[in-house]
Amino acid sequence: MNHVIGLDIGGANLKAAHSDGKCRSKAFPLWQMPEHLAAELRDLIGDWMPARAIAVTMTGELADCFRTKTEGVDRILASVESLAEDTPVAVWHSGGEFVSSEFAREFPLLVAAANWHALATFVGRTSPEGRSMLIDVGTTTCDTIPIENGVPMPSGRTDIDRLRSGELVYSGVRRTPVCAVAHSVPLGEDYIQLAAELFATMLDVYLLTGDIAEDEADCDTANGQPATIEAAHDRLARAICGDRMEVPLEQAQGIARFLADVQLQRLNGALTRVLSSSEAAVETVLVSGSGSFLAKRLVEKHPKLSCATVHQLSLMFSGETAEAACAFAVAKLGIEKTY
């Protein structure tokens, strides 16, 4: 019972980590069924209980089933507490420490969307001196976090401030609709507008470019069909109001490469804004997330990072740990807290 359970509760995914290194992840559309959150968490971590503590971080408070972030934080914590029983619950906040559920409810904006800070705090210890940076590209977002002497030094701590600074970009490798990346795409000798509908996502793009492997069991897609190249072809063709007969696979792959390049350029622009906040050279870059392949490309293509040493969390940790990195971070940080 000396272990700590870490939870990263998002709007579309739940991630859990045991402080000894075991990790689990599952898709869960919180915005559709918030009343089922406690049951889903119990199913995820039930056999790890009892524990010394449950360490929590979250982004799910932004789900539109909640009218405000305050309501979201309260409802999420209530779900955690319902399965915690007598187990202490500690909530990570962006000031760099754990707080009680009561404190979190009183100051919800300090704990809302603080998972990036927990991860940067944990992995920043691998670079205790000089200037480093964490680039985490996930299913939905890209976080770029400056780290000084092992300590996260963001210019913003709320989502709004981080969006303003470029440290947060709401663009990821799976859930982002392609129409949120570009307004039009090349088709033959011309450009054609993308339909402003959820016909295809960046998952389809990276299936067609070969950056994400096919998974027939994964149906968390725009149309609920499998995450395969064949189905991605159908979805991307639909994004320009066509089908596989009108848009051959080779043409769809060309559109995918174009969209991947546009997303890379957009993230590169945000990265440039973050790097411009300091003249000091970045010595180390840590890349993580399900889109770490894209984070690596960002580093390789940016002139200010050409001399930096790059560490991939997916190589430092196991695959399942890298996938649930924020949950693992709060679990390990939670071990250090006195309860």
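Okay, so let's go over this structure. (Residues numbered from 1 in each chain as written. Predicted model: local features only at pLDDT ≥ 70, side-chain atom pairs only at ≥ 80, totals over all residues. Heavy atoms only, no water.)

1. Points about the sheet that holds strand S6 (residues 97-100)
- Across the sheet, which stays open at both edges, the 6 strands sit in the order S3-S2-S1-S4-S5-S6 with mixed pairing between neighbours. Pairing within the sheet leaves two strands with one partner each, and these edge strands are strand S3 (23-27) and S6. Looking at each pair of strands side by side, their axes are set apart by 25° on average, direction ignored.
- By the bridge criterion, 5 bridges tie strand S1 (residues 4-9) to strand S2 (residues 13-18) in an arrangement that is antiparallel. If you follow Asp8 over to S2, its bridge partner there is Lys15.
- Contacts from helix H2 (residues 69-84) reach S1, strand S4 (53-58) and strand S5 (89-93), with the element oriented near 160° to S4. (Pairing = 2+ DSSP bridges. Helix = DSSP H or I, 4+ residues; strand = E, 2+ residues; numbered from the N terminus. Axes fitted to C-alpha atoms, helices over the stretch in contact; angles between N-to-C directions. Contact = heavy atoms within 4.5 Å.)

2. Things to note about the pairing of S4
- Most of S4 is tucked away: 6 of the 6 residues are buried.
- Residues Ala53, Ala55 and Thr57 point to one face of S4 and Ile54, Val56 and Met58 to the other, with burial holding for every one of them.
- Pairing analysis gives 6 bridges linking S1 to S4, with the strands arranged parallel. The partner of Asp8 across the bridge, within S4, is Thr57.
- As defined by bridge partners, S4 adjoins S5 across 3 bridges and the pair is classed as parallel. Opposite Val56, over in S5, you have Val91 as the bridge partner.
- Handedness of the β-α-β unit built from S4, H2 and S5 comes out right-handed. (Buried < 20%, exposed > 50% of the residue type's maximum accessible area, 1.4 Å probe, protein only. Right-handed = clockwise from strand over helix to strand, strands pointing away.)

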